[in-house]
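Spelled out from the first residue to the last, the chains are:
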Amino acid sequence: NVDAEYDRDENGDVTFKIDTNKFDAQYTQTGDKYTLEVDVDDDGVYDFVANGDAEFMKNGQLWKVTGKVLKVWVKSKFGKLRKKK
């Protein structure tokens, strides 16, 4: 099941919230600024793809990590969450 909320104010600014069993996300458009916030489960397991910026990871290397590690590595710009096909 997915819960979704959509709001557009009088200025045309948009907030879209989505809540699923796997993750929660919020997309916001305010003027020309766009943001996407994704909340992952700290204990969940995710596929992370390294970009080579961390000296202990090669570019393109795939890691299985917990949500807690994923958040730290993404914030540190070491790579990104692998997209599901």
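Residues numbered from 1 in each chain as written. Predicted model: local features only at pLDDT ≥ 70, side-chain atom pairs only at ≥ 80, totals over all residues. Heavy atoms only, no water.

**Some thoughts on the sheet that holds strand β3 (residues 23–30)**
Hydrogen bonds along the backbone pair up the strands of a sheet, which may run parallel or antiparallel.
Phase 1: On the basis of which strands lie adjacent, the open sheet formed by four strands has the order β1-β2-β3-β4 and antiparallel pairing. If you trace the sheet from one side to the other, it starts and ends with β1 (3–8) and β4 (33–40), each paired once. Pairwise comparison of adjacent strand axes, ignoring direction, gives a mean angle of 5° for this sheet.
Phase 2: Strand direction decides the pairing type here: strand β2 (residues 14–19) and β3, joined by six bridges, are antiparallel. If you follow Thr15 over to β3, its bridge partner there is Thr28. (Pairing = 2+ DSSP bridges. Helix = DSSP H or I, 4+ residues; strand = E, 2+ residues; numbered from the N terminus. Axes fitted to C-alpha atoms, helices over the stretch in contact; angles between N-to-C directions.)

**Digging into the pairing of strand β5 (residues 45–50)**
Phase 1: Sheet topology places β5 next to strand β6 (residues 62–66); five bridges connect them, and they run antiparallel. When the sheet's bridge partners are listed, Phe48 is paired in β6 with Trp63.
Phase 2: Bridge analysis of β5 against strand β7 (residues 79–81) gives three bridges, and the strand direction is antiparallel. Bridge pairing links Phe48 to Leu81 in β7.

**Structural notes on the pattern of salt bridges**
Phase 1: Taken as a whole and assessed by the stated rule, the structure comprises four salt bridges.
Phase 2: Residues Lys71 and Asp39 are paired through a salt bridge, measuring 3.9 Å at the closest nitrogen-oxygen approach. Taken together, the residues Lys71 in helix α1 (residues 67–75) and Asp39 in strand β4 connect sequence positions 32 residues apart.
Phase 3: On the basis of relative accessibility, which here comes to 43%, the residue Asp39 falls in the partly exposed class.
Phase 4: Across the pair Arg82 and Asp47 runs a salt bridge whose closest N-O atoms are separated by 3.8 Å. (Salt bridge = Lys/Arg side-chain N within 4 Å of Asp/Glu carboxyl O. Buried < 20%, exposed > 50% of the residue type's maximum accessible area, 1.4 Å probe, protein only.)

**A closer look at the sheet that holds β7**
Phase 1: Taken in spatial order, the three strands make up an open sheet running β6-β5-β7, and their pairing is antiparallel. The sheet is open, and its two borders are formed by β6 and β7, each paired with just one other strand. Looking at each pair of strands side by side, their axes are set apart by 35° on average, direction ignored.
Phase 2: Relative to the sheet, α1 contacts β5, β6 and β7, its axis offset from that of β6 by approximately 120°. (Contact = heavy atoms within 4.5 Å.)

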